[in-house]
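Coordinates in review
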Amino acid sequence: MKAKILETSVAYTGFFELRRLTVVHDLFNGGTTGPLVREVLHRSDVAAALLYDQAADKVVFVEQYRAGAHVAGVEPWLIDIVAGRIEPGQTPLDTITREIVEESGSAPTSIQLIGTYLTAPHLSSEKVHIFLATVDAACVAGFHGLAHEGEDIRPHVMDRAAALCMLQTKPLSLWAGLALGWLGNRNLPSRDGRSS
């Protein structure tokens, strides 16, 4: 199967770039489409991390205003996982290490990759690299974020069981949902040493 971009134009540039593509691609039953116009939101990729304190069996989230949630009619102060744009010359690991400190005030003791995902491939080129970062939840306090980026971030510490319940009880970002789903499928020891 082959696909070809015949033409690309930029329809808008701001917080993201809106690209208008003219494409053709092969069809499953043979042949090729005629030229199709598709619009794609384009911006740098993202690194995100679920912060977890295994010794205390607690998850650390961050809360901040999200305009997309507001427009969607959801509580705009969204409980979410740490995330940030990958800057030119940075790796996903570089980015998430920086973002964990900036958004939660915590220093991770270990970081492991959960997976890399396309956020919304029907309308965006964005990839997100999701990590699990080990932190000390007892050290989480205060307010965080970079003022020059308009960030106003408050961390929240939650028992793992309560965090996993949010999968059924709260609208979450896709990244948070994926990370919590991953955590829920791990056979981790609980505080009393038994696997849960």
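Structure's up top.
Just so we're clear, the structure is a prediction, and the values are computed from it rather than from any experiment.

Here we look at helix 4 (residues 174–184)
Think of an α-helix as 3.6 residues a turn; residues three or four steps apart then line up on the same face. Looking only at helix 4, the buried set comprises Trp175, Ala176, Ala179, Leu180, Trp182 and Leu183. Taken end-on, helix 4 shows its buried residues confined to a sector of 155°, consistent with a single buried face.

Things to note about the pairing of strand 5 (residues 58–65)
Judged by how many residues are buried, strand 5 sits mostly within the fold: six of eight residues are covered. Bridge count for strand 4 (residues 46–53) against strand 5 is three bridges, and the pairing is antiparallel. Across the sheet, residue Leu51 finds its bridge partner in strand 5, namely Val60. Connecting strand 4 to the next strand, strand 5, in antiparallel fashion are four residues, including Asp57 with a positive phi near 55°. In this structure, strand 5 lies alongside strand 10 (residues 154–159), joined through six bridges in antiparallel fashion. Among the inter-strand pairings, Lys58 is bridged to a residue of strand 10, identified as Asp159. Where strand 5 meets strand 6 (residues 77–80), four bridges bridge the pair, whose relative direction is antiparallel. Residue Glu63 lies in a different strand from strand 6, and its bridge partner there is Ile79.

A closer look at the sheet that holds strand 1 (residues 3–13)
The sheet built from three strands is open, its strands ordered 1-2-3 with antiparallel pairing. At either end of the open sheet lies a strand with only one pairing partner, and these are strand 1 and strand 3 (36–42). Taking the axes of each pair of neighbouring strands and ignoring which way they run, one obtains an average angle of 25° across the sheet. Where strand 2 (residues 17–25) meets strand 3, seven bridges bridge the pair, whose relative direction is antiparallel. In the strand pairing of strand 3, Glu17 is matched with His42.

What to know about the pairing of strand 9 (residues 127–134)
Across the eight residues of strand 9, six count as buried, placing the element largely inside the fold. In the sheet, strand 4 pairs with strand 9 via seven bridges, with the strands oriented parallel. Bridge pairing in strand 9 links Leu50 to Leu132. Pairing of strand 8 (residues 110–118) with strand 9, which is carried by eight bridges, proceeds in the antiparallel orientation. Bridging across to strand 9, Leu113 finds its partner in Phe131.

Criteria and thresholds
Residues numbered from 1 in each chain as written. Predicted model: local features only at pLDDT ≥ 70, side-chain atom pairs only at ≥ 80, totals over all residues. Heavy atoms only, no water. Buried < 20%, exposed > 50% of the residue type's maximum accessible area, 1.4 Å probe, protein only. Helix = DSSP H or I, 4+ residues; strand = E, 2+ residues; numbered from the N terminus. Arc of directions from axis to C-beta. Pairing = 2+ DSSP bridges. Axes fitted to C-alpha atoms, helices over the stretch in contact; angles between N-to-C directions.

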